[in-house]
Amino acid sequence: MKKFLLALSILTVATLFGCKEAKNEAAKPTKVTVMIYSEYIDPDMITDFEKQTGYKLQIELYEAQEEMISKLQTVGTAQYDVIIASDVVIQQMIHLGLIGKIDMEKIPNKTNIADQFKNPSYDPTNEYTVPYLWGTTGILYRDSTIDPMNVSYSMLFDAKNTKGNFSLLEESRSMLSMALQAKGFNANSTSKDEINQAVEYILQAKKDPHFLGFDGSVGGKDKVLSKMDWAAIVFNGEAMAAIDEDSTLQFAIPTEGSFMWVDAMTLSSKAPNPDGAYKFMNYILDGKIGAQLAKYINYATPNTKALEFLDKDFTENRVINPTAEEIKRMVFLQDPGDAARLFDEAWTIVKTR
Ligand SMILES: NCCCCNCCCN
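Overview of the structure. Remember, predicted model here, so these are calculated numbers, not experimental data.

1. Looking at the overall build of the chain
Next up, step 1: If you tally the helices and strands in the chain, you get 15 helices and 11 strands.
Next up, step 2: Across its three principal axes, the chain shows a C-alpha extent of roughly 95 × 45 × 40 Å.
Next up, step 3: Considering the chain as a whole, with its 353 residues, one finds that 53% of them fall into the buried category.
Next up, step 4: Taking all contacts inside the chain whose residues are at least 6 apart in sequence as the whole, residues at least 24 apart take part in 75%.
Next up, step 5: Here the chain displays about 16300 Å² of accessible surface, and carbon together with sulfur accounts for 54% of that area.
Next up, step 6: For the chain, the centre of its 36 positive side-chain charges and the centre of its 48 negative side-chain charges are spaced 6 Å apart.

The following block contains the structure:
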């Protein structure tokens, strides 16, 4: 009996030990999950990253910042390692506990980040973000008689000027800020009265029979390309992709102004694979890879080393790298703090009326 009990306990310990080993084995992450805007990475980079690191790279797509945040709040952050997020929502994501501090020691290629992208207002201590790409937002249209240097928002917001179907951008803060600028206000205004006027302006555009709806930037680009739309509000990379396919298309930063944005890589607060997340961030910040990324999706890079691999056709292209004159008309959108509620209410009115 004694012998039997001894054998049983050895077996039990061995089984437990074996199970523990099997558990450890299962817990070792094998993939990196990145949440990112659609059409925002070169598919070749996915396979290259997998080859270099041995991790599977899983890409989860979104179209607008609000959609990304509400998805994270619903499903939780434990399903993602890296979240690509725009400057304007970074503070909100920190406060909501959606992203955590990055161990910058794990990202040696951070030395490639250009000085103007260090200590940005959305992450003044450089603890939560490393930049991915930067760009702007404007109007893509099919009309060679309209000079892109002289386009006003009234081209879309004033029914007497619309010459065909158009879409507005399905991203609340971006769209409301543009409407604020169109009315002559600061894009960062938090005045209730001014935001209400911006809402009325968008509602006026919605009444135009040419208005086809709100679309993500990729959707707007596709509609202009397929001639379903005459014009759409899109990000400049999508505009460039469209112009590459159809050189008769034009892209304008409206005379009343627009904004510049930076999309940044952040670490999900419950990242199951922080090591993989850091490897992804470091991979993107490599010079050659940064250049490949910028070129493939037509956005400007915050990576100084990448600039060495990009030719003048890219760096002097005014759609991708706006001119000094256009940049003068642009602002950075700031986190609205408590006024975020005003923007949320305003957007609900825009969408429901
Ligand atoms: N197709 C990807 C486009 C990503 C552009 N980022 C826009 C940031 C503005 N909130």
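2. Some points on the pattern of salt bridges
Next up, step 1: Under the definition given, this model contains 16 salt bridges.
Next up, step 2: One salt bridge connects lysine 163 with aspartate 143, and the closest N-O pair in it is separated by 3.0 Å. With lysine 163 in the loop between helix 5 (154–157) and strand 6 (166–169) and aspartate 143 in the loop between strand 5 (129–141) and helix 5, this pair connects stretches of sequence that are 20 residues apart.
Next up, step 3: When its relative accessible area of 52% is taken as the criterion, lysine 163 is described as exposed.
Next up, step 4: A cluster of three or more residues bridged by salt bridges with shared partners is formed by Glu39, Lys221 and Asp222.

Here is what the cut-offs are and how they apply
Residues numbered from 1 in each chain as written. Predicted model: local features only at pLDDT ≥ 70, side-chain atom pairs only at ≥ 80, totals over all residues. Heavy atoms only, no water. Helix = DSSP H or I, 4+ residues; strand = E, 2+ residues; numbered from the N terminus. Buried < 20%, exposed > 50% of the residue type's maximum accessible area, 1.4 Å probe, protein only. Contact = heavy atoms within 4.5 Å. Areas by Shrake-Rupley, 256 points an atom, 1.4 Å probe, with all protein chains shown as cover. Lys, Arg positive; Asp, Glu negative; His and termini not counted. Charge placed at Lys NZ, Arg CZ, Asp CG, Glu CD. Salt bridge = Lys/Arg side-chain N within 4 Å of Asp/Glu carboxyl O.

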